[in-house]
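Residues per chain are reported as follows:
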Amino acid sequence: MDLINNIILGFSVALEPTNLLFCFLGALIGTLVGVLPGIGPVATIALLLPITFHLRPVTAIIMLAGIYYGAMYGGSTTSILVNIPGESASVVTCIDGYQMARKGRAGPALGMSAFASFVAGTFATIILMLLAPPLAEMALKFGPPEYFSLMVLGLSLLAYLSSGPISKAMLMAGIGLFLALVGIDTITGTTRFTFDTVTLMDGIGLVPLVMGLFGIGEVLFNLEGEIKRDIYTKKALHLLPTLQDWRESKWALVRGVLIGFALGVLPGGGATIASFTAYAVERRCSKTPEKFGTGMIAGVASPEAANNAASGGAFIPLLALGIPGTATMAILMGALIIHGIQPGPMMILQNPDLFWGLLASMYVGNIVLLILNLPLIGLWVRILRIPYGILFPVILLLCLIGSYSIKNNLWDTFLMVIFGIIGYLMRKYKYEAPPLVLAFVLGTRIEESLRRSLLISDGSPLIFFQRPISAVIIIFTIFLLASTFFPALRGKRAKIEKIV
Amino acid sequence: MRKHDLVSSFVFICFGLFVVLYSPHLDVGSLRRPGSGFMPFLCGLIICGFAAATFLRAFFNRSNEIEKIWDKVNFLKLILVILPLILYIFLLNLLGFIISSFFMVLIIMRYAGSQTWIKSVSMACVSSISLYLFFGMWLKIQLPKGILGFIE
């Protein structure tokens, strides 16, 4: 009965007028940035973080989460209509979605994508409600060694699942870890790598880092090529898929949801890999695999369901264990910490209104998105027609304001521009940013848990192998890193990407 | 990517070495009593290790595929974005938010975004003023007023 009481509590929080308004706002902004190529949810959440400072923590997190799942909806709209994925998670939707649009069936494709997203989002939220509390209870028994192993596993998984060579991804994790160490050591009070500057005494800020890497870096990178736009909206949009469409995509939808959720829960899994995998599975399950890529509705339903289920699933490690699995979750964790809340097993007990309110707001948000997405498609298309040359100076200005407003410190802004240039170079030299951000966010906790574990064990690193849970995790991590020498799974993903 | 990987991983190896060599200044301590320099030391080793792995991987890569990553880059455009951004930071306190934002958006939009003068001027006007009203007035974020300080 506890669960029902909690759900009622959640809805009473989510349906408060202010929270409802900000949930709506988050979903709307999320869809907008999902539609706009060149700015993604990570940079947007970082950008809007300072705005949430004067909001209650629960309202703030409801809005920021709305941006995240809203972007998944918006990204698919551009994939289908323009063949430009607004987000990496909707890259595969382009394949069949755009072909459907070319055949004059943009309406059903958009309708199916919105519906699949809705079903998947709702499913993910329900499972999240059922799964997170018991998981958190289990995690309460974790000590520093378990947390250390778990965080190392999370980083390794993210590196393992990234598209480039694992050594490059782990290298980025190392850099992120280093950046987290800059500033005052919380245990001894020593300043580290500050080069006698006051700005670095506080450590490097999450917002300048993320906005530089994901905001400015992306803009600089996009300056190279003209973004081509061919919008297919000549025919009147009939949004409802036909009965035949439903028949063709119902199982694709179910499979997409399940695959998406399972992969979303894994640290490093995330929405992008989920959608790629779901599409590949769908092609394998299909009786007519050769038709994929010519405008099959199942090829839209399955990845769209998967990316939304995954973005719901990704909340589990963050909310239950306090360990984010993706870059977006990392910045959401940063947001919670700035608001004075430490995500993790204690959060569900100490701030039940926040936890249950957030979950209930996801239900509400999914309904808002369904209502929002369908009638507003015309508006999104019009926004897409704004040339990038007009858009990006404004994005830059927003990044400048965002990084400045955190502490009213211009050096933070300067740091952001530097990270922007670094982010650009990383893109050019094919180094991925998510492992860096994740390691950066986890850095201080990794250090703390490592030092504490060593204190507990009186200096023996064997402690990580002597405690059963930690041993299982760390052995799995070693196995994972070692298995990159047998790149069967990673090869498979590269193959999928090649098809795209 | 081979040549680029060799270059970039070499830079990271140097960086990792710097971190490793600098850590003793912070007191590395011992396994029994890890000090402030312990994690940086470990971190430097991790960076060196994976950078070396990247280097070796590129070194033994036999494919002769040459990827030119700087071919399509319009360096002038890049500089025309980065320079106004840096100037903006240094002039923000002096000129205030509205004026510096106006000129930054104008220059970037006109020269890097290749928009017409009319479009650039009007977009620069609209964005700087509306963002000031939104962030400065409505959300009460302290944006520098600079020489326009008399506006309340």
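Structure: see above.
Predicted model only: the values in this text are computed from it and were never measured.

Enquirer: I keep staring at the pattern of salt bridges and nothing clicks. Help me out?
Expert: A side chain of one charge can pair with a side chain of the opposite charge when the charged atoms of the two come close. With the rule as written, the count across this model stands at 15 salt bridges over all chains. Between Arg33 of chain B and Asp27 of chain B there is a salt bridge whose closest N-O contact spans 3.8 Å. Arg33 of chain B gets classed as partly exposed once you look at its relative accessible area, which sits at 49%. Linked by salt bridges that have partners in common, Asp185, Arg192, Glu447 and Arg451 of chain A make up one network.

Enquirer: How should the interface of chain B and chain A be read in this particular structure?
Expert: In many reports, interface size means the accessible area that the parts give up when they come together. Taken together, the contact between chain B and chain A spans 64 residues of the former and 58 residues of the latter. Across the chain B/chain A interface, buried area totals approximately 5,600 Å², and carbon plus sulfur atoms make up 80% of it. The tally of links from chain B across to chain A stands at two salt bridges. A salt bridge links Asp5 of chain B to Lys168 of chain A; the nearest nitrogen and oxygen atoms lie 2.7 Å apart. If you list the elements that add at least two residues to the side of chain B that touches chain A, you get helix H1 (2–22), helix H2 (38–59), helix H3 (75–95), helix H4 (97–112) and helix H5 (117–138) of chain B. Considering each element in turn, the side of chain B that touches chain A owes the most residues, 12 residues, to H2 of chain B. Each residue belonging to the side of chain B that touches chain A can be placed in one class, and the counts come to 45 nonpolar, 12 polar and seven charged.

Enquirer: Would you explain the packing of H3 of chain B against H4 of chain B in this entry?
Expert: Two packed helices can be described by the angle between their axes and the distance between those axes. Residue and element names in this part refer to chain B. Running from N to C, H3 and H4 point in directions that differ by 170 degrees, and their axes come no closer than 9 Å. Accordingly, the angle class assigned to the pair H3 and H4 is roughly antiparallel. Between H3 and H4, the residues in contact are Lys77, Leu80, Val81, Pro84, Leu85, Tyr88, Leu91, Leu92 and Leu95 and Phe97, Ile99, Ser100, Ser101, Met104, Ile107, Ile108, Tyr111 and Ala112, respectively. Looking at side-chain class alone, the contact of H3 with H4 contains 15 nonpolar, two polar and one charged residues.

Enquirer: Mind showing me how you'd approach empty space enclosed by the protein here?
Expert: Empty space among the atoms can be located by rolling a probe the size of a water molecule over them. All names here are of chain A. Under the definition given, this model contains six cavities of 30 Å³ or more. Roughly 70 Å³ of internal volume is contained in the largest cavity. Considering the residues around the largest cavity, the lining is formed by Tyr69, Gly121, Ala124, Thr125, Asn308, Ser311, Gly312, Phe315, Met362 and Asn366. Of all the secondary-structure elements, those providing two or more residues to the lining of the largest cavity are helix H6 (106–139), helix H13 (298–313) and helix H17 (352–373).

Cut-off values and rules
Residues numbered from 1 in each chain as written. Chains lettered and ligands numbered in written order. Predicted model: local features only at pLDDT ≥ 70, side-chain atom pairs only at ≥ 80, totals over all residues. Heavy atoms only, no water. Salt bridge = Lys/Arg side-chain N within 4 Å of Asp/Glu carboxyl O. Buried < 20%, exposed > 50% of the residue type's maximum accessible area, 1.4 Å probe, protein only. Contact = heavy atoms within 4.5 Å. Buried area = accessible area lost by both parts, 1.4 Å probe. Helix = DSSP H or I, 4+ residues; strand = E, 2+ residues; numbered from the N terminus. Nonpolar A, V, L, I, M, F, W, Y, C, P; charged D, E, K, R; others polar. Axes fitted to C-alpha atoms, helices over the stretch in contact; angles between N-to-C directions. Parallel < 35°, antiparallel > 145°, perpendicular 65-115°, else oblique. 1 Å grid on protein atoms, 1.4 Å probe; cavity = no way out; pocket = protein on both sides within 12 Å on 5 of 7 lines; lining within 4 Å. Points joined across faces, edges and corners; volume = space filled by probe spheres on them.

None of this, on its own, says anything about what the molecule does.
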